[in-house]
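Overview (structure and organization)
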Amino acid sequence: MTSSELWTRANADRYDAEEAEMSSAAVLGPTLDFLAELAGGGRALEFAIGTGRVGVPLRERGVPVVGIELSEHMASVLRRKADEDTLPVVIGDMVATTVVPGEFTLVYLVYNTITNLLTQDEQVECFRNAARHLVPGGRFVIELGVPPLRFLPPGQVAVPFDVSEQHLGFDTFDLVEQILVSHHFTRDGDDGRYRRGNSRHRYAWPAELDLMARIAGLELERRVADWDGAPFSQDSAKHVSVWRKPA
Ligand SMILES: C[S@@+](CC[C@H](N)C(=O)[O-])C[C@H]1O[C@@H](n2cnc3c(N)ncnc32)[C@H](O)[C@@H]1O
């Protein structure tokens, strides 16, 4: 399933309720602090802004935010929270859509969304597009899980990541193509039925992203394990990485 098939009207309407925890003050507080500091009084561009989980509260903090989003359905949910003057959104592909080149102090792409780009070429082009939009000295920030391959012993085909009453989730892997498929069984209503869904992702290691950044003319400035700035280690489940466009 490609990302454009995934972000349907029904999925867009469910998104905010299903991502309530990811929209909590505990998660968003440190995220917004981190991004607002990097924007440093300039404009921010969110790739794949979705329903505005991060972009809308960042705008409310006073950071001018523009979004690029592939799914009109996701953008229409954002529109219920912020009008076009307050938070402009361009419908398009973050790989190629240009808003205003060289205008932003910060471009950011959160919540593993670089993996929605299913080829290395597209991911490289995404870095190039971020670099295109940055002022000299501006930053590109990515939040991304470390591929959970340490949990996949030989012979095992799936790695569970959530086992709860409401949701069963596990990943399967194609180690040759660097593709991960996330499978979800989500409780739908009170009649005990589960809705099945899956999404396809191209996973990438931090070092591969650093190379993509270099191809795009960016330099790694900082890599931490979370939005609070915990040190990144070999046991980190995810990273927040900051690349800088040379001044
Ligand atoms: C997991 S959601 C994240 C939304 C939002 N950034 C957040 O943190 O809640 C992924 C979003 O990426 C968008 N998306 C996927 N591929 C895209 C692409 N190539 N260009 C722009 N948006 C894309 C989807 O439509 C969806 O809204």
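Residues numbered from 1 in each chain as written. Predicted model: local features only at pLDDT ≥ 70, side-chain atom pairs only at ≥ 80, totals over all residues. Heavy atoms only, no water.

**Notes on the sheet that holds strand β8 (residues 179-187)**
In any sheet, the strands associate via hydrogen bonds between backbone groups, in a parallel or an antiparallel arrangement. Read from one edge of the open sheet, four strands run β6-β7-β8-β9, paired in antiparallel fashion. With partners counted over all chains shown, the strands left at the sheet margins are β6 (158-163) and β9 (194-202), one partner each. Across the sheet, the axes of successive neighbouring strands diverge by a mean angle of 20 degrees, strand direction being ignored. Sheet topology places strand β7 (residues 167-174) next to β8; eight bridges connect them, and they run antiparallel. (Pairing = 2+ DSSP bridges. Helix = DSSP H or I, 4+ residues; strand = E, 2+ residues; numbered from the N terminus. Axes fitted to C-alpha atoms, helices over the stretch in contact; angles between N-to-C directions.)

**Looking at helix α6 (residues 120-133)**
Compared with an ideal rise of 1.5 Å per residue, which puts 14 residues at 20 Å, α6 spans 20 Å between its outermost C-alpha atoms and is within 8% of the ideal. For α6, the set of buried residues is Gln123, Val124, Cys126, Phe127, Asn129, Ala130, Ala131 and His133. Where α6 is buried, its residues meet β1 (44-47), β4 (104-109), β5 (134-145), β9, α7 (206-215) and β11 (238-244). (Expected span 1.5 Å × (residues − 1). Buried < 20%, exposed > 50% of the residue type's maximum accessible area, 1.4 Å probe, protein only. Contact = heavy atoms within 4.5 Å.)

**Considering the environment of Ile142**
Within the element layout of this structure, Ile142 appears in strand β5. A relative accessible area of 0% means that Ile142 is categorised as buried. A C-alpha to C-alpha distance of 9.4 Å links Ile142 and Leu209, two positions 67 residues apart in sequence. Look past the residues within four positions of Ile142 in its chain and what remains in contact with it is Leu109, Ile114, Phe127, Leu209, His239, Val240, Ser241 and Trp243.

**Describing the packing of aromatic side chains**
Overall, the coordinates contain nine aromatic pairs when judged by the stated rule. Measuring from ring centre to ring centre gives 5.1 Å for Phe127 and Phe140, while their planes differ by 90 degrees; the resulting arrangement is edge-to-face. Taken together, the positions of Phe127 in helix α6 and Phe140 in strand β5 put the pair 13 residues apart, joining distant regions of the chain. Of the two residues examined, Phe127 and Phe140, each falls in the buried class. A network of ring pairs unites the aromatic residues Phe47, Phe127, Phe140 and Trp243 as a single cluster. (Phe/Tyr/Trp six-rings, centres within 6.5 Å; stacked < 30°, edge-to-face > 60°.)

**Digging into the site of the ligand**
In the vicinity of the ligand lie 20 residues, with Tyr15, Ala48, Arg53, Glu69 and Asp93 positioned nearest. At 2.9 Å, a side-chain N or O of Glu46 approaches a nitrogen atom of the ligand. Between the ligand and Arg53, the relevant distance is 2.9 Å, taken from an oxygen atom to a side-chain nitrogen or oxygen of the residue. Alone, the ligand offers 590 Å² of accessible surface; in the complex the protein occludes 97% of this. Here the shell around the ligand is composed, by residue class, of 10 nonpolar, six polar and four charged. (Near = heavy atom within 4 Å. Polar contact = N/O pair within 3.5 Å; in protein donor to acceptor, adjacent residues only side chain to side chain. Areas by Shrake-Rupley, 256 points an atom, 1.4 Å probe, with all protein chains shown as cover. Nonpolar A, V, L, I, M, F, W, Y, C, P; charged D, E, K, R; others polar.)

**Details of the packing of α6 against α7**
Across the interface, α6 lies against α7 with an axial gap of 8 Å and an inter-helix angle of 55 degrees. By the criterion of interaxial angle, the relationship of α6 to α7 is oblique. The two elements α6 and α7 meet at a crossing, and its hand is right-handed. Where α6 abuts α7, its residues Gln120, Gln123, Val124, Phe127 and Arg128 lie against Glu208, Leu209, Met212, Ala213 and Ile215. Considering only residue class, the contact of α6 with α7 consists of six nonpolar, two polar and two charged. (Parallel < 35°, antiparallel > 145°, perpendicular 65-115°, else oblique. Left-handed = near helix turned anticlockwise from the far one by under 90°.)

**As for the sheet that holds β5**
Taken in spatial order, the seven strands of this open sheet run β3-β2-β1-β4-β5-β11-β10, and their pairing is mixed. Looking at the sheet topology across the chains shown, the edges are occupied by β3 (89-91) and β10 (219-224). Averaged over all pairs of adjacent strands, the angle between strand axes in this sheet comes to 20 degrees, irrespective of strand direction. Two elements, β1 and strand β2 (residues 65-69), share four bridges in a ladder whose sense is parallel. Within β2, the position partnered with Glu46 by the bridge is Gly67.

**Notes on the domain arrangement of the chain**
Accessible area lost on assembly of the parts is the figure often given for the size of an interface. In terms of domain boundaries, the chain breaks down into domain 1 (9-146 + 205-244) and domain 2 (149-199). Look at where the C-alpha atoms of domain 1 and domain 2 centre, and you get two points 25 Å apart. Taken together, the contacts link seven residues of domain 1 with six residues of domain 2. Both faces considered, domain 1 and domain 2 share a buried interface measuring about 490 Å² in area, 37% of it formed by carbon and sulfur atoms. Counting across the domain 1 and domain 2 interface gives two salt bridges. Split into classes, the residues belonging to the side of domain 1 that touches domain 2 amount to two nonpolar, one polar and four charged. (Domains from an automatic or database assignment. Buried area = accessible area lost by both parts, 1.4 Å probe. Salt bridge = Lys/Arg side-chain N within 4 Å of Asp/Glu carboxyl O.)

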